[in-house]
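Fold and contact review
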Amino acid sequence: MRNPFQNPFAESDVARHSIWEMLVTRDIDAFLAADWSMVADDFVEESFIGIDGRRETDPDEWRLTFPTLAAYRDEWLRQARAFAEQSFAEDPRAAIFATTRLEDIEINGELALARKKFDGRLTRSDGSFDVLKWQTVYYCRLHEGRWKICGFTGYLPNPMGSN
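Here we summarise the structure given alongside this text.

Rules and cut-offs
- Residues numbered from 1 in each chain as written.
- Predicted model: local features only at pLDDT ≥ 70, side-chain atom pairs only at ≥ 80, totals over all residues.
- Heavy atoms only, no water.
- Helix = DSSP H or I, 4+ residues; strand = E, 2+ residues; numbered from the N terminus.
- Buried < 20%, exposed > 50% of the residue type's maximum accessible area, 1.4 Å probe, protein only.
- Axes fitted to C-alpha atoms, helices over the stretch in contact; angles between N-to-C directions.
- Parallel < 35°, antiparallel > 145°, perpendicular 65-115°, else oblique.
- Left-handed = near helix turned anticlockwise from the far one by under 90°.
- Contact = heavy atoms within 4.5 Å.
- Nonpolar A, V, L, I, M, F, W, Y, C, P; charged D, E, K, R; others polar.

What follows is about the overall build of the protein. Across its full length, the protein carries three helices and six strands. Starting at the N terminus, the α and β elements of the protein follow one another as α-β-β-α-α-β-β-β-β. Oriented by its inertia axes, the alpha-carbon framework of the protein measures out at about 50 × 40 × 35 Å. Sorting the 163 residues of the protein into buried and exposed places 40% on the buried side.

Turning to the packing of helix α1 (residues 14-33) against helix α3 (residues 92-99), a few remarks are in order. Running from N to C, α1 and α3 cross one another at 150°; their axes reach a closest spacing of 10 Å. Here α1 lies roughly antiparallel to α3, going by the angle between them. Two packed elements cross with a definite hand, and for α1 against α3 that hand is right-handed. Only Pro92, Arg93, Ile96 and Phe97 of α3 make contact with α1, whose side of the interface consists of Trp20, Val24, Thr25, Ile28, Asp29 and Leu32. Looking at the contact of α1 with α3, its residues break down into seven nonpolar, one polar and two charged.

Distances and angles like these do not, on their own, reveal function.
Next up, the structure:
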């Protein structure tokens, strides 16, 4: 059984190990704290681009919702604050880690393609569920000596082909 809190990449695999820490541990902890400053340095601001797949399999339906890092930051903060206002019957951090998988990171020189998938749910205090079932493809770059996010295509169906 996999430990969802354990980085699946050996520390000797510096690129994949650090990308996983950035996209899983830091991202989840920052989101739960609704604290952008925890992840602000994980992005390449110049020429950042974020595509919202809108959970659609047809690329014609995808939108350039985040043409700048500031646009993405504002939406990320909105979502994080809305999430923080909810009440859960289980530990949200443990549940989010359990639903998150990042096991496929392709490295090609100073660029990386990371495929992060969510598949699960969080139980709210009232017994309803918050379903986490989408995936994001992150584009990362070795920038100023460390791996950073330079863009993504996210909110895609998981698996692709399902809506």
